[in-house]
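Summary of the model geometry
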Amino acid sequence: MSDSVKKSLKLISSSRLFEGDLQRFEHYSKSCDSNMRFSVYLPPQAKKGKLPMLLWLSGLTCNDENFMLKSGAQRYAAELGIALVAPDTSPRNTGTAGEEDDWDFGSGAGFYVNATRLPWSKHFQMYDYVSKELPAVLGANLPLDIARMSISGHSMGGHGALIVALKNPGMFRSVSAFSPICAPSKCPWGIKAFSGYLGDDRMQWLQYDASELIDKTSEKLSLLIDLGAADEYLEAQLFPDLLEEACVEHKHPLKLRIHPGYDHSYYFVASFIGDHLKYHASALAG
């Protein structure tokens, strides 16, 4: 590991929480050619050595702090001895024309793809950032065992968690998602993002669509997905039925749960994050 990776982090803030430490860092990202931020919760067990970790990818309009502030996950992480890592959802303040124009494209909406279309391709390389660069930075600088890593996320971040896991066999012990965008190449949010970041060739979009990746992955890593039946985006944006159909067709293990009365918000995430962390803890202990 190069010295530049080992010494690249700037600590922005640190707070004690459940006898562990919630910290926020900034560093220069080579992938995104910009400064990036991420938040980490190190439970008290980190004092004794490297810990397994859950990489959490957040949704549209979120940054690295939303999950840490709203989910209540740290209580469970402290009990289970799992570190939590939440990166930002896009580069910020890059000077890219139009990056602040829309809430669902540009800043806060990187969609976890590597943009190929100008002007976005210079900075918006979020797939490489979360799947390659960030794990390397974490392993070099913090007491985290990146060989024992799981991944999860919410909405756009649920989409991100699914595609990163499906495209990288063996990288994660487990994967889960809350209210994920399951077929982004077919929903309005995804069509807007993919058109802007990747261009008009829809065949290029499929490499970032979980429902299309099921038949291409060499690993049958079980998918745990929770959705709210009262989610206002369930039918128009999320399309879990397309992912379920692909999993059935290709015999890919899927546990899909739909919860009556719950919406798309972090209230839903907070209600079931304990279940997900226990699920990941079991896999990480193996």
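Here, every reference points to the structure presented above.
Residues numbered from 1 in each chain as written. Predicted model: local features only at pLDDT ≥ 70, side-chain atom pairs only at ≥ 80, totals over all residues. Heavy atoms only, no water.

This paragraph deals with helix H6 (residues 188-198). Each α-helix turn comprises 3.6 residues. Residues three or four places apart therefore point the same way. Extensive coverage of H6 is indicated by the burial of eight of its 11 residues. Along H6, the residues that are buried comprise Trp 189, Gly 190, Ala 193, Phe 194, Ser 195, Gly 196, Tyr 197 and Leu 198. The inward-facing, buried residues of H6 contact helix H5 (156-167), helix H7 (202-205) and helix H9 (234-238). Count one or two residues on from H6 and you reach Gly 199, which has phi positive near 95°. (Buried < 20%, exposed > 50% of the residue type's maximum accessible area, 1.4 Å probe, protein only. Helix = DSSP H or I, 4+ residues; strand = E, 2+ residues; numbered from the N terminus. Contact = heavy atoms within 4.5 Å.)

Next up on the list: the pattern of salt bridges. Counted according to the given criterion, the structure contains 14 salt bridges. The residue Asp 145 makes a salt bridge to Arg 148 at a minimum N-O spacing of 3.0 Å. Between Arg 257 and Asp 226 there is a salt bridge, and its shortest N-O distance comes to 2.6 Å. Here Asp 226 lies in strand E8 (residues 223-228) and Arg 257 lies in strand E9 (residues 254-259), a separation of 31 residues in the sequence. Where salt bridges share partners, they join Arg 24, Asp 64 and Glu 65 into one cluster. (Salt bridge = Lys/Arg side-chain N within 4 Å of Asp/Glu carboxyl O.)

Before going further, it helps to examine the packing of aromatic side chains. Working definition: an aromatic ring pair is given by the centre-to-centre distance plus the angle between the planes. Scanning all chains against the criterion turns up 17 aromatic pairs. Judged by centre distance (6.1 Å) and plane angle (90°), the ring pair of Trp 103 and Trp 189 falls under edge-to-face. Placement of the pair is Trp 103 in the loop between strand E5 (83-87) and helix H4 (126-141) and Trp 189 in helix H6, with a sequence separation of 86 residues. Taking relative accessible area as the criterion, Trp 189 reaches 6% and is therefore assigned buried. Centroid distance Trp 189 to Tyr 233: 4.7 Å. Interplanar angle 50°. Geometry classified as tilted. You can see Trp 189 sitting in helix H6 and its partner Tyr 233 sitting in the loop between E8 and H9, a full 44 residues away along the chain. Grouping aromatic residues by their ring pairs yields a cluster made of Trp 56, Phe 67, Phe 178, Tyr 262, Phe 268 and Phe 272. A cation over a ring is seen here: Lys 167 above Tyr 127, with NZ or CZ 5.3 Å from the ring centre. Directly above the ring of Tyr 208 sits Lys 167, whose terminal nitrogen or CZ lies 5.3 Å from the centroid. (Phe/Tyr/Trp six-rings, centres within 6.5 Å; stacked < 30°, edge-to-face > 60°. Lys NZ or Arg CZ within 6 Å of the ring centre and 35° of its normal.)

A word on unusual backbone geometry. Looking along the chain, the bond that leaves Leu 118 and enters Pro 119 is cis, with omega of 0°. Its location among the elements puts Pro 119 in the loop between E5 and H4. Here the phi dihedral of Phe 239 falls at roughly 50°; this positive angle occurs in a residue that is not glycine. Residue position: Phe 239 is located in the loop between H9 and helix H10 (240-249). Residue classification places Phe 239 among the buried positions, given a relative accessible area of 17%. Of note, Lys 251 is a non-glycine position whose phi angle comes to about 55°, a positive value.

With that settled, consider H10. By the burial criterion, the buried members of H10 are Pro 240, Leu 243, Ala 246 and Cys 247. Along the long axis of H10, the arc covered by the buried residues comes to 125°, so they all point the same way. Across H10 from its buried face, at more than 90 degrees, point the exposed residues Val 248 and Glu 249. Buried residues along H10 sit against H5, helix H8 (210-213), E8, H9 and E9. Of the residues one or two after H10, Lys 251 is the one with positive phi, at around 55°. (Arc of directions from axis to C-beta.)

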